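# Structural description and commentary
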Amino acid sequence: MYDIIIIGAGPAGLTSALYAIRARKKVLILESKAYGGQIINASKIENYPGIESISGFDYATNLYNQVTKLGAEIKYESVIRVESDKTVITNNNQYKAKAIIIATGAENRKLNIEHEIELIGKGVSYCATCDGNFYKDKIVAINGGGNTALDDALYLSDIAKQVYLIHRRDEFRGENYYLEEIRHKKNIKLVLNTNIIALNGNNRLESITIRDNKNNIKQLKIDGLFIAIGQVPNNKIFTNIVDIDEYGYIKSLDGVHTKTDGIYVAGDTRVKDLRQLTTAVSDGSIAATIAIKEMKGSN
Ligand code: NAP
């Protein structure tokens, strides 16, 4: 029996664990992939108060070490179902807790075009910091207009010979701070008002077909495509205990409570206005603190 089971070892989940463990609670973190969540892929974080600049990998690893050194237990298992009595069923085991915090974040949105999945690792990637080094002096394209795509473009411009930044509009969702740097980079070419409509190649990406908003279609020869078009949550397994919105994000009553007593939500996976590292760790600390307080109240 655990005091708190946290589902997800991204910044929100690990921060919940930090607060719970410091309150001397018995904590289990369940993670299906690797610790760190999405932030582990950010080449640089420069908007976290008090830290001038840090890589996503270093940030996530510091947080993971901090939490596990204090005694949080982490198991790499996929959660299949959570019951309202706070039983968590995974692919391997069954656990019980007094409270559960869902901090499952979100996963990379797919373009949903033919050959996308089969070309992953063969020219198609969702992580510039993981795979960028394979493209030294090569030609790459990034798709997207948010901070991830802009950060990826800058990161890859120091490795690749030529970088195309393809975005479906002519305005970016990402910050001007990145855009100014991009405009100074000679090897980044903006391809705006444009969508990728086909991935071409025989067992390895060789080119993409793009279409602009005037319906001009052309082929772009590239060695690698980095898809950075946002994230989607994966909360279908929780619909017996929480409500989700039309996009799949968990609805919270006030930021942390779900509709089920003792089941809380934190981080990017909930309905919220701003999905940032700062708001993820904020959610994590609040969810754990409230869970602990309410656990005492119910004893
Ligand atoms: P995002 O902000 O949701 O941006 C996704 C981008 O992909 C948008 O420009 C969107 O276009 C485009 N897009 C969505 N679906 C598409 C499709 N089917 N085809 C083509 N384009 C599509 O996602 P993100 O950039 O991953 O960022 C997520 C969050 O993490 C944000 O809050 C961001 O600020 C944060 N982040 C922060 C840092 C940092 O601070 N260092 C780094 C990375 C990410 P439209 O604009 O037309 O909708």
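Note: the structure precedes this text.
Below, the structure is looked at part by part. (Residues numbered from 1 in each chain as written. Predicted model: local features only at pLDDT ≥ 70, side-chain atom pairs only at ≥ 80, totals over all residues. Heavy atoms only, no water.)

### A look at the site of the ligand
Neighbouring the ligand are 18 residues, the closest being T148, R169, R173, R275 and Q276. A distance of 3.0 Å separates an oxygen atom of the ligand from a polar atom in the side chain of R168. At 2.9 Å, a side-chain N or O of Y178 approaches a nitrogen atom of the ligand. Burial of the ligand by the surrounding chains reaches 81%, relative to a free accessible area of 910 Å². The class makeup of the residues in the shell around the ligand is three nonpolar, nine polar and six charged. (Near = heavy atom within 4 Å. Polar contact = N/O pair within 3.5 Å; in protein donor to acceptor, adjacent residues only side chain to side chain. Areas by Shrake-Rupley, 256 points an atom, 1.4 Å probe, with all protein chains shown as cover. Nonpolar A, V, L, I, M, F, W, Y, C, P; charged D, E, K, R; others polar.)

### Examining the state of the cysteines
In total, this model carries one disulfide according to the counting rule given. The disulfide partner of C127 is C130, and the gap between their sulfur atoms is 1.9 Å. Disulfide C127-C130: torsion about the S-S bond near 75 degrees, hence right-handed. Of the residues examined, C127 reaches a relative accessible area of 8% and is grouped as buried. (Disulfide = S-S within 2.5 Å. Buried < 20%, exposed > 50% of the residue type's maximum accessible area, 1.4 Å probe, protein only.)

### Some points on the sheet that holds strand β12 (residues 194-200)
Taken together, the three strands give an open sheet; going across it, the order is β12-β13-β14, and neighbouring strands pair in antiparallel fashion. One side of each edge strand has no neighbouring strand; the edge strands of this open sheet are β12 and β14 (217-221). When the angles between neighbouring strand axes are averaged without regard to direction, this sheet yields 30 degrees. Bridge count for strand β13 (residues 207-212) against β14 is five bridges, and the pairing is antiparallel. (Pairing = 2+ DSSP bridges. Helix = DSSP H or I, 4+ residues; strand = E, 2+ residues; numbered from the N terminus. Axes fitted to C-alpha atoms, helices over the stretch in contact; angles between N-to-C directions.)

### Notes on the packing of aromatic side chains
Under the criterion given, the structure shown has five aromatic pairs. With 6.3 Å between their ring centres and 70 degrees between their planes, Y2 and Y95 make a pair best called edge-to-face. Here Y2, found in strand β1 (residues 2-7), pairs with Y95, found in strand β6 (residues 94-102); they are 93 residues apart in sequence, far enough to count as distant. The exposure class of Y2 is buried, given its relative accessible area of 9%. Given a relative accessible area of 9%, Y95 falls into the buried group. Here Y35 and Y64 contribute two aromatic rings whose centre-to-centre distance is 4.1 Å and whose plane-to-plane angle is 15 degrees, an arrangement assigned as stacked. One end of the pair, Y35, is in the loop between β2 (27-30) and α2 (56-69); the other, Y64, is in helix α2, and 29 residues separate them in sequence. Looking at Y35, the relative accessible area reads 17%, which means it is buried. In this structure, K26 packs its charged tip against the face of Y2, placed 4.6 Å from the ring centre. (Phe/Tyr/Trp six-rings, centres within 6.5 Å; stacked < 30°, edge-to-face > 60°. Lys NZ or Arg CZ within 6 Å of the ring centre and 35° of its normal.)

### Details of unusual backbone geometry
A positive phi angle, close to 70 degrees, is found at K86, a residue other than glycine. Within the secondary structure, K86 is located in the loop between β4 (79-82) and β5 (87-90). Of note in the backbone geometry, N193 takes a positive phi value of approximately 50 degrees without being a glycine. Checked against the element boundaries, N193 lands in the loop between β11 (188-191) and β12.

### Quick word on the sheet that holds β11
An order of β8-β15-β9-β10-β11 is seen for the five strands of this open sheet, with the pairing classed as parallel. What marks the edges here is a single partner per strand, and that holds for β8 (124-125) and β11. With two bridges joining them, β8 and strand β15 (residues 224-227) adopt parallel strand pairing. Following the sheet pairing, V124 is matched in β15 by L225.

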